[in-house]
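Results of the structural survey
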Amino acid sequence: YGDYTTLDESVINSGLVNVYVVYTSADGVDGVATSVYVVNKPATDPGDTTPDPIVTYGAALTADRKLVVTRYEDGVAKADGTNNTSFTYAAYTNGVLVAGGSGSSNIDKASATKTVDLSSALTTAGTTYYVVVTINGVTYVTNTLYV
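The text that follows walks through the structure, step by step, so that each part is easy to find. (Residues numbered from 1 in each chain as written. Predicted model: local features only at pLDDT ≥ 70, side-chain atom pairs only at ≥ 80, totals over all residues. Heavy atoms only, no water.)

So, the overall build of the protein chain
- When helices and strands are tallied, the protein chain shows 1 helix and 11 strands.
- Taking the contacts inside the protein chain whose residues are at least 6 apart along the sequence as the reference set, 42% of them involve residues at least 24 apart.
- Working note: accessible area of the protein chain is about 9300 Å², and carbon and sulfur atoms make up 51% of it. (Helix = DSSP H or I, 4+ residues; strand = E, 2+ residues; numbered from the N terminus. Contact = heavy atoms within 4.5 Å. Areas by Shrake-Rupley, 256 points an atom, 1.4 Å probe, with all protein chains shown as cover.)

Focus: unusual backbone geometry
- Here the phi dihedral of R65 falls at roughly 65°; this positive angle occurs in a residue that is not glycine.
- Assignment of secondary structure puts R65 in the loop between β3 (55-61) and β4 (66-73).

Section: the nonpolar core
- In terms of nonpolar packing, the biggest core is built from 17 residues, with L67, V69, F87, L118 and V133 touching the most fellow members.
- Only β3, β4, β6 (86-93) and β10 (127-135) provide two or more residues apiece to this core.
- The greatest single-element share of this core, amounting to 4 residues, is contributed by β10.
- Not counting residues up to four positions away in its chain, the partners in contact with L67 are A59, A60, L61, F87, Y89, K114, T115, V116, L118, V131, V133 and T142. (Core = buried A, V, L, I, M, F, W, Y, C linked by side-chain atoms within 4.5 Å. Buried < 20%, exposed > 50% of the residue type's maximum accessible area, 1.4 Å probe, protein only.)

Here we look at the pattern of salt bridges
- Under the criterion given, the structure shown has 3 salt bridges.
- Residue K66 is joined to D64 by a salt bridge in which the shortest nitrogen-to-oxygen separation is 3.8 Å.
- K66 gets classed as partly exposed once you look at its relative accessible area, which sits at 29%.
- The partner of E73 in a salt bridge is R71, and the shortest N-O contact between them spans 2.9 Å. (Salt bridge = Lys/Arg side-chain N within 4 Å of Asp/Glu carboxyl O.)

Focus on the pairing of β3
- Looking at chain direction, β3 and β4 are connected through 7 bridges and run antiparallel. Residue pairing across strands places V55 opposite E73, the latter belonging to β4.
- The turn joining β3 and β4, which pair antiparallel and follow one another in sequence, is formed by 4 residues; a positive phi near 65° is taken by R65. (Pairing = 2+ DSSP bridges.)

Let's talk about the environment of A112
- Along the polypeptide, A112 turns up in the loop between β8 (105-106) and β9 (113-117).
- Discounting chain neighbours no more than four positions away, the residues touching A112 are V69, T70, R71, A77, K78, A79 and I107.

In structure tokens, the structure reads:
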């Protein structure tokens, strides 16, 4: 960062370095510094703990009648690499179950998404389909008008 031999305020207060002072103490009274270490501060301080990401999910029914479920970490689509996120779905129109309702599937561990083709079940043009998706016990509802 700079000239550490002077340890002026611009170095100490820069926020870019950590300063460690080793000193002697006699009878509980602070003594004389025996060593001073100035080190560049790492990108993340070793004392910091990285917070766990906030994981959310989204579900959408596309115009071509495919259900797309996506996993997000801190708002960014991201797979967890373990392929262990299960979800179930049920599609309704006018209160009648027309697809799904049984089984579950896993979100792809590489792409953060899972696509389920519902085109053979959701066949009526101009109908609003309500798709209820439950992911890890949380229920999401998505709807779209199929034209």
